[in-house]
Amino acid sequence: MSNKPTLLERSPFHRYAVALKSCPREIFSFHLFLTVVIFALSGSPKGWDEGSAASITQLASMKKSFGLTGSTASVNSKISNIVSLVNLGAGFGPLLSLPLNDRIGRVWSLRLWQLIYAVGIIIEVFATGHTGQLLAGRFIAGLGIGALTVVGPMAISEAAPAAIRGLLGLAFNIFMVGSQVIGIFSVFGCSKRTANNLQWQLPFIVQLIVPVVAILGSFLIHESPRYLVAKNKPQQALDAIVALRNLPATHPYVAEEFASILEKHELEKAAIQGAGLLTLIKETFTVPNYRRRIRVVIVAYLLAQFSGANSITNYLPTILGLIGVKSTDERILFTGGYSIAKVGCLFLASLFFVDVVGRRKSLMIGVTVQGLCQIYLSAYLKVEMDRKGLVSKASSKMAIAAIYINAFGWGIGLLPLPYLFGAELFPTRIRGVGGALSQSFHWLFYFGITKATPDMLTSMAGWGTFLFFACWCAIAFIYGYFMVPETSGRSLESMNKLFDYKWYEIRKNAYPTDDEVAAPTSIQTETARHLEDGLRTDNSKYPERGEHIENSEKDGGSA
């Protein structure tokens, strides 16, 4: 009988279930839960803004206060500025957070960026009739939003027990997408009020709940043990682990985790060896092996935005109007349902699909589903325009269904994969820089597409916009087939070797061989230690890069 694991046994859901049974029950403490929740609230500003920003511009009071009546090019430009400028600010947030996270710590970074986000919201609330002030508030709020998308996942990862780190990391995404639903329905509730300024101000005001709860709650939690070790405060780090795990310092589980943190800190110091921020940024783009890694992540974020999913999320009320949904209430309800569908798809992808099928196949299946949906929407809108609205009810319902099916394709493909690539591909030396740079590019791409979408919907008659998105889904499929490797399950050595290949060699080496599959965690740790020891003595000029970097430089450094 074959010992090959079943589909369920290969899923993260099964691995988490096994891990939960093997861990001491005490570690699932209230303090761990509180810490995860407080840092997971870092995802709420992004989700809440996505859910509410475009819908707020449809409120009668907002249109009156900021001159958004009509459908002229200038009005579309105003709306796109209001919706998208937060993403421009978010593009700078990760870069600003990079030096601060390690200087002031995770908890104070959380407080700082939640406060900046709150300041932006307050500026927006008091911007009645002043578009410039509103846009300034949007940009400032964006700085906080972008930085929090770096601080939150990092802090959760550092606080969580290793066995369930990925499971607890889902909390950030759950709060993000869940807040999107809350944002949508908060606007729906306010739309029932009299059309005075409070109608559009309230959806912004209620967003202040998040920074207030996060900042107050941050005084009840401990700083990250990893940060405290990095600041040469080992006793405080041990105290933090004891509080998080609800176990005494003498317990083997605590002792093992503390020793692991100390060991990894020494490895990271040896890898970076005092290199400055600018040096690491330069290496990220000039060392071929590093450059190929960040290219995969940045292009994944680019394709994620240009596949059209976030354009649908941000402008779904407008898109539903094009499809034929005339009632404002129905548009908001459908938009809320779309966000709920995304939550379900996120769970499906994270707990089952992506690890069972693999990163590479998930990408290609996801963009195929998205592309087919975009083609249908394009064809529907073209026929609807040619026939002057005389289309069957069944085809209209199918168009709405295509939007929801598109959420499934997005949820198993380009929604989780850029984040997974960002977590898996960067070696220790450039992990912080690579993560911040990729998040910054993500937000700048997001700004570009949300800024352009209203004009695209107008100038391309709706159907052309979805054809544009379908073309990008086709590009994503081709790119994934030729240039995206399978990263799941690879050993450390295999991952290093993988990015020595040139782009046209990736496809034939896309999947790891039996020899390249990751060893058990304990063996990988021992291997990493030996690699770091050898690299410190044999490759002092480029610590942690190893022979794979030298070979890349010898072959001319081509991509």
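Residue indices follow the written sequence of each chain, beginning from 1 at its first position. Local features are withheld for residues below a pLDDT of 70 in this predicted model, meaning they are given only at 70 or higher, and side-chain atom pairs are given and counted only at 80 or more; totals for whole chains, interfaces and linings count all residues. Think of the side-chain values as coming from all heavy atoms in the structure, minus any hydrogens and water.

Centre distance and the angle of the planes are the two values used to describe a pair of aromatic rings. Pairing of aromatic rings covers Phe, Tyr and the six-membered ring of Trp, with a centre-to-centre limit of 6.5 Å; geometry is then stacked below 30 degrees between planes, edge-to-face above 60, and tilted otherwise. All told, the structure shown has 12 aromatic pairs when counted by the stated rule. Taking 5.0 Å as the distance between ring centres and 50° as the angle between the ring planes, the aromatic pair formed by Phe-306 and Trp-472 counts as tilted. Placement of the pair is Phe-306 in helix α16 (residues 288-306) and Trp-472 in helix α23 (residues 463-483), with a sequence separation of 166 residues. The exposure class of Trp-472 is partly exposed, given its relative accessible area of 21%. Through pairs of rings, three or more aromatic residues link up here, namely Phe-306, Phe-466, Phe-468, Phe-469 and Trp-472. By definition, being over a ring means that NZ of Lys or CZ of Arg is both within 6 Å of the ring centre and within 35 degrees of the ring normal. One cation-aromatic arrangement involves Lys-382 over Trp-463; the distance from NZ or CZ to the ring centre is 5.5 Å. Numbered from the N terminus, helices here are DSSP runs of H or I no shorter than four residues, and strands are runs of E no shorter than two. Each residue's exposure class comes from its accessible area (1.4 Å probe, protein chains only) as a fraction of the maximum for that residue type: buried when under 20%, exposed when over 50%, partly exposed otherwise.

What follows covers the packing of helix α4 (residues 44-56) against helix α17 (residues 309-323). Angle between the axes and distance between the axes are the two parameters that describe a pair of packed helices. Axis geometry follows a simple rule: fit a line to the C-alpha atoms, using only the stretch in contact for helices, then measure angles between N-to-C directions, giving values from 0 to 180 degrees. At a closest axis distance of 6 Å, the pairing of α4 and α17 adopts a crossing angle of 40°. In terms of axis orientation, α4 runs oblique to α17. Taken as a pair, α4 and α17 cross one another with a handedness that is right-handed. On α17, the residues touching Glu-50, Ala-54 and Ser-55 of α4 are Asn-310, Thr-313, Asn-314, Tyr-315 and Pro-317. Amino acid classes used here: Ala, Val, Leu, Ile, Met, Phe, Trp, Tyr, Cys and Pro are nonpolar; Asp, Glu, Lys and Arg are charged; the rest, including Gly, are polar. The residue makeup of the contact of α4 with α17, split by class, is 3 nonpolar, 4 polar and 1 charged. Convention used here: angles under 35 degrees read as roughly parallel, angles over 145 as roughly antiparallel, angles from 65 to 115 as roughly perpendicular, and any remaining angle as oblique. Crossings are assigned a handedness: left-handed for a near helix turned anticlockwise from the far helix by less than a right angle, right-handed for a clockwise turn. In what follows, a contact means two residues having at least one pair of non-hydrogen atoms within 4.5 Å.

This brings us to the environment of Leu-316. Its place among the elements puts Leu-316 in helix α17. By relative accessible area, Leu-316 is classed as buried at 1%. With 265 residues separating them in the primary sequence, Leu-316 and Gly-51 have C-alpha atoms 9.8 Å apart. The contacts of Leu-316, once residues within four sequence positions are left out, are Ser-311, Phe-334, Thr-335, Tyr-338 and Ile-403.

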